[in-house]
Amino acid sequence: MEQTAARTRDQIEERFKWNLKDIYATNADWERDFEAVRAQSEAFARFAGRLGEGREVVLEALNAYFGMYLRMMRLYGYASMSCNGDNGDPTYQALQDRAATLYVKLSAGSAFLSPELLALPEQTLLDYAADPAFADYDVFLKELLRQKEHTLSAEMERLLAASQDMAGGVSNVYDMLADVDMRFGDVPDGRGGQIELTHASYRGLIESRDREARKAAFERMMGTYGSYGNTFAASYAGNVKKDLFYASARGFKTARAAALFPDEVPERVYDSLIEAIHAHVPGLARYVELRRKALKLDDVHMYDLYAPMVEGFDLDMPYDEGFALIEKALGVLGEDYVQVLRRAKAERWIDVYENRGKTSGAYSNGSVYDVHPYILTNYVGTLDSVFTLAHELGHTMHSYYSNETQPFAKSDYAIFVAEVASTVNEVLLLEYLREQYRDDPKAQAALCNHLLENFRTTVFRQTMFAEFEHKAHAMAEAGEALTRESLCAMYKGLNDLYYGQKGVVDELIANEWMRIPHFYNAFYVYKYATSFCAAVAVARRIREEGAPAVEAYRRFLGLGGSMPPIEELKTVGIDMSTPEPVESALRYFEETVDQMAAMQA
Ligand SMILES: [Zn+2]
C-alpha cells in the first residue's frame, strides 16, 4: 500500500494535485471576479418590478441572471476546492466563507425573478420558451410553468420560506444527539484489545473476520440507539410531519408525490422498484446462503452480513497503473472518451493522494461550467481505490460532456440520473477485471463478492429504506401515531421480509432505522437503487450490443439537464416506468450469485 497519510500538502508532488489555476491564476483574480459578481448581484435589482415590460427586458434579465450564477459557481468552486485540499488553511476558509455569503446574497437579491415571471400570462411564457432568442432558457421557463400549480401567493411563499429554519429543528436535534452527544463505549477490536465504538470504527468492526468483534459492535450500536428509542421516534415523527405540512401547503396529495415532483418521476416508478425487489428476495436469500458457506457459519445473523467472504485478494496498484487499468476497461466507450480521460490526468483535474487536512472520501465537482470538472480522491492503491476513481471519473465525464454540449442554464443533470455514469464505469471495470483474472479463482471470488455487496447495499438495502419511509409517511397520513413501537415493528417486519428466508433476523435490528441520517431527507435513497439498476442495464447493453448502445450512451452523457431525467434514460433504451431495467439488473445479480455458487462448489 502507498503510505501517504502523514504528509503535508506541500510534500505532495505537483502532478498528483489538482490545478485550480485553470479557474483563477491567482487569488487576486478571484478577488476581482468576486467584486464583479457582487456588483452584478446589486445591479440585478434594476429588473425588479419590470419583467412585465416585455421580451427585451426579460431576455436581458435572464442573461444577467445566468451569467451571474455561472461566475458565482467559479468563485465558489475555486474557494471550496482550495479549502478541501487543506481544510486547516485560514486563507481559503475565509474565501469559502465569503463565497458562501455572496451566494446567499445573490439568491436573495434575485428571488423576485421566478414569482414575477410566473405572474405573466401563461401564453407569454410559452411564447418566450418557443422564441429562438430564448433557446438557452426554454427548460427553465417550462419548469417554472410546471411548478406554477404548486406555487403559492408571494405572501404565502414568504411565510413558507421563513418557516424553513424552524422546521429544520428536528433534524438538528437528530444530528446533535446521534453525532455529538451519544457515546457507545469500548468494544473488542477483534485483535485482543479494545477500541472505542464510533460511527467511523463501526464500519471496520462490522466487517471484521472475528465474529465476536462484529457481534459485540452490532449489539452495542443497536442497543445504545434503542436506549434512546423514544427520543428518536419523536424526532423522526416530527420530521415526517414537516414533510406532510409542506406537501399539503403546496397542494400535493402525499408527501411522496411532493418529493418526486421536482425530478418529474411518477410514483409508479417507486412502487415498481419495490415490487421488483420483492420478487427477487429469493435471489438475496441465495446470496445469504453463499455467505453462510463462505464464512463457515451455522446461520447468518444480521452482524454477519458485512464480513468479506473472500480473503487474500487485493490490488496493490500505484496511481499510474490504476489509471491505465481504468483507461483500458473504459476503452469500450470510444477513443475520444479515453482521450478526455487522459486529459483529466495529464492536465491535473484530479487531486490524488491524502494529505494532512484534506477532505476525506471522494467527489467529482462539475460545477465550474466553463473550465472542466475536478475530482478529489484519497487514493491508496487498493481495489476499492481504483473503483472509487473509476466511479468519480464517471461523474466527471458526465459533467464534461454535458457542459460541453449544453448551455449553462441546461447543463446541470438531475440527481435521478447522476449515479448512472459513475456506476456504468464501475460495472465496466468489474467485467474487465474479471476477464483479466480469468484464471485466478480467488480474484474471481473477490470481484463477485464486491459486485454482490454493491447490489445488496445499494439496491436491496436502499429499497428497504425507501419502503420504510414510504410506509412511515403513509402511516402518518392515515393519522396513525409514529412511536418507537410502531416504527420498530415496521422496520423489523421489513428485515424479516428481506432477510428472513435464510438469515436470522436479530431482534436488535428493529432499532437500525434510528441510525440512518438519510431518513431526514425523505424519498431520496430510492434514487440510489434506481440509478444503480439503470446503470447495470446500460452497461449490459453496451457489452451485448456494442456500437449502437455506446452511441446512445455517449449522447446521453451530453444531455445535462435538458430533459426530464426519466426521458433522458429512455434515450438509452431504459424505461424506468416499467419494471424491466430493475429486472434486468437483478438478473445480473442472480447470474453472479450462480457463478459464485459454482466457484464454491
Ligand atoms: Zn457517485
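Residues numbered from 1 in each chain as written. Predicted model: local features only at pLDDT ≥ 70, side-chain atom pairs only at ≥ 80, totals over all residues. Heavy atoms only, no water.

This paragraph deals with the overall build of the protein. Along its length, the protein carries 24 helices and 7 strands. Relative to the globule expectation of 25 Å for 601 residues, the C-alpha radius of gyration of the protein, 25 Å, shows essentially globular dimensions. Referenced to the eigenvectors of the C-alpha coordinate spread, the extents of the protein come out at roughly 75 × 60 × 50 Å. The contacts of the protein with a sequence gap of at least 6 include a subset with a gap of at least 24, amounting to 75%. (Helix = DSSP H or I, 4+ residues; strand = E, 2+ residues; numbered from the N terminus. Rg over C-alpha atoms; globule rule 2.2 N^0.38 Å. Contact = heavy atoms within 4.5 Å.)

On to the pattern of salt bridges, then. A side chain of one charge can pair with a side chain of the opposite charge when the charged atoms of the two come close. Scanning the model with the defined rule gives 48 salt bridges in all. Across the pair Glu60 and Arg46 runs a salt bridge whose closest N-O atoms are separated by 3.7 Å. Highlighted residues: Glu60 in helix α2 (residues 55-85) and Arg46 in the loop between α1 (27-43) and α2, separated in sequence by 14 residues. Judged by its relative accessible area of 40%, Glu60 falls in the partly exposed class. On the accessibility criterion, Arg46 (41% relative accessible area) is partly exposed. Overlapping salt bridges bring together Glu13, Arg15, Asp320 and Lys345 as one network. (Salt bridge = Lys/Arg side-chain N within 4 Å of Asp/Glu carboxyl O. Buried < 20%, exposed > 50% of the residue type's maximum accessible area, 1.4 Å probe, protein only.)

The next point concerns the coordination of the zinc ion. Expected angles at a metal are 109.5 degrees for tetrahedral coordination by four donors and either 90 or 180 degrees for octahedral coordination by six donors. Here the zinc ion is held by the protein donor atoms His391 (NE2), His395 (NE2), Glu419 (OE) and Glu419 (OE), which lie 2.1 to 2.5 Å from it. Ordering the donors of the zinc ion by residue number gives the pattern H-x3-H-x23-E. With a gap of 4 residues between them, His391 and His395 both fall in helix α17 (residues 383-405), about one helical turn apart. (Donors = N, O, S within 2.8 Å, 3.2 Å for Na, K, Ca; no water.)

Quick look at the packing of helix α9 (residues 199-206) against helix α10 (residues 211-227) now. Viewed as axis vectors pointing N to C, α9 and α10 meet at an angle of 140 degrees, and their least axial separation amounts to 8 Å. One way to sum up the angle between α9 and α10 is to call them oblique. Taken as a pair, α9 and α10 cross one another with a handedness that is left-handed. Seen from α9, the contacting residues are His199, Tyr202, Leu205 and Ile206; seen from α10, they are Arg214, Ala217, Phe218, Met221, Met222 and Tyr225. Of the residues in the contact of α9 with α10, the class split is 8 nonpolar, 1 polar and 1 charged. (Axes fitted to C-alpha atoms, helices over the stretch in contact; angles between N-to-C directions. Parallel < 35°, antiparallel > 145°, perpendicular 65-115°, else oblique. Left-handed = near helix turned anticlockwise from the far one by under 90°. Nonpolar A, V, L, I, M, F, W, Y, C, P; charged D, E, K, R; others polar.)

What follows is about the sheet that holds strand β4 (residues 350-351). Pairing is mixed across the open sheet formed by 3 strands, whose spatial order is β4-β6-β5. In this open sheet, the two strands that pair with only one neighbour each are β4 and β5 (363-365). One ladder, built from 2 bridges, connects β4 with strand β6 (residues 374-376); its direction is parallel. Across the sheet, the residue bridging to Ile350 is Ile375, located in β6. Most of the contacts of α2 go to β5, to which it runs at about 155 degrees, and overall it touches β5 and β6. (Pairing = 2+ DSSP bridges.)

Look at Glu264: it is not a glycine, yet its phi comes out positive at around 55 degrees. Within the element layout of this structure, Glu264 appears in the loop between α12 (255-260) and α13 (267-279). Positive phi, close to 60 degrees, is recorded for Phe523, a residue that is not glycine. If you trace the backbone, Phe523 turns up in the loop between β7 (503-504) and α21 (526-545).

It is worth spelling out empty space enclosed by the protein at this point. By the definition in use, this model includes 1 cavity of 30 Å³ or more. In this structure, the largest cavity encloses a volume near 50 Å³. When contributions to the lining of the largest cavity are tallied by element, the ones reaching two or more residues are α18 (415-436) and α19 (441-477). Broken down by element, the lining of the largest cavity gets its largest block of residues, 4 residues, from α18. Across the lining of the largest cavity, the residue classes tally to 4 nonpolar, 3 polar and 1 charged. (1 Å grid on protein atoms, 1.4 Å probe; cavity = no way out; pocket = protein on both sides within 12 Å on 5 of 7 lines; lining within 4 Å. Points joined across faces, edges and corners; volume = space filled by probe spheres on them.)

Here the protein is partitioned into domain 1 (9-165) and domain 2 (252-309 + 413-601). Inter-centroid distance (C-alpha atoms) of domain 1 to domain 2 is 35 Å. Each side of the interface is counted separately: domain 1 has 5 residues, and domain 2 has 6 residues. When domain 1 packs against domain 2, the two sides together hide about 500 Å² of surface, and 59% of this comes from carbon and sulfur. (Domains from an automatic or database assignment. Buried area = accessible area lost by both parts, 1.4 Å probe.)

The subject of this paragraph is a negative patch on the surface. A surface patch of like charges, here negative, comprises Asp314, Asp316, Glu321 and Asp384. By the secondary structure assignment, Asp384 is in helix α17. By relative accessible area, Asp384 is classed as partly exposed at 49%. (Patch = residues over 30% accessible without salt bridge, like charges linked within 9 Å, V, L, I, M, F, W, Y side chains within 5 Å. Areas by Shrake-Rupley, 256 points an atom, 1.4 Å probe, with all protein chains shown as cover. Lys, Arg positive; Asp, Glu negative; His and termini not counted. Charge placed at Lys NZ, Arg CZ, Asp CG, Glu CD.)

What follows covers the packing of helix α15 (residues 319-329) against α18. Between α15 and α18, the least distance of the axes is 9 Å, while the angle of their chain directions is 100 degrees. Accordingly, the angle class assigned to the pair α15 and α18 is roughly perpendicular. In this structure, α15 uses Leu325, Lys328 and Ala329 to contact α18, whose residues at the interface are Leu428, Leu429, Tyr432 and Leu433. For the contact of α15 with α18, the residue count by class is 6 nonpolar, no polar and 1 charged.

Before going further, it helps to examine the side chain of Thr458. Its place among the elements puts Thr458 in helix α19. With residues up to four places along the chain from it excluded, the contact list for Thr458 reads Glu453, Tyr528, Ala529 and Phe532.

To continue, consider the confidence of the model for the protein. In the predicted model, the protein carries a mean pLDDT of 95, and 99% of its residues have values of at least 70. The low-confidence segment residues 1-5, where pLDDT is below 50, has 14 contacts with residues more than four positions distant or belonging to other chains. (pLDDT = per-residue confidence, 0-100.)

This next bit is on the packing of aromatic side chains. For the structure shown, the criterion picks out 51 aromatic pairs. Between Tyr69 and Tyr103, the ring centres sit 5.9 Å apart and the planes meet at 75 degrees, which makes this aromatic pair edge-to-face. Here Tyr103 lies in helix α3 (residues 90-109) and Tyr69 lies in helix α2, a separation of 34 residues in the sequence. The exposure class assigned to Tyr103 is partly exposed, which follows from its relative accessible area of 31%. Measuring from centroid to centroid gives 5.3 Å for Phe465 and Phe519, while their planes differ by 75 degrees, and the two rings are edge-to-face. Note that Phe465 is positioned in helix α19 and Phe519 in the loop between β7 and α21, a separation of 54 residues in sequence. Exposure remark for Phe465: the relative accessible area of 4% places this residue in the buried category. Put simply, the rings of Phe44, Phe47, Tyr65, Phe66, Tyr69, Tyr103, Phe112, Tyr137, Phe140, Tyr369 and Phe408 pair up and form one aromatic cluster. Arg146 extends its terminal NZ or CZ atom over the ring of Phe261, reaching a point 4.1 Å from the ring centre. Taking NZ or CZ as reference, Arg456 lies 4.5 Å from the ring centre of Tyr306, over its face. (Phe/Tyr/Trp six-rings, centres within 6.5 Å; stacked < 30°, edge-to-face > 60°. Lys NZ or Arg CZ within 6 Å of the ring centre and 35° of its normal.)

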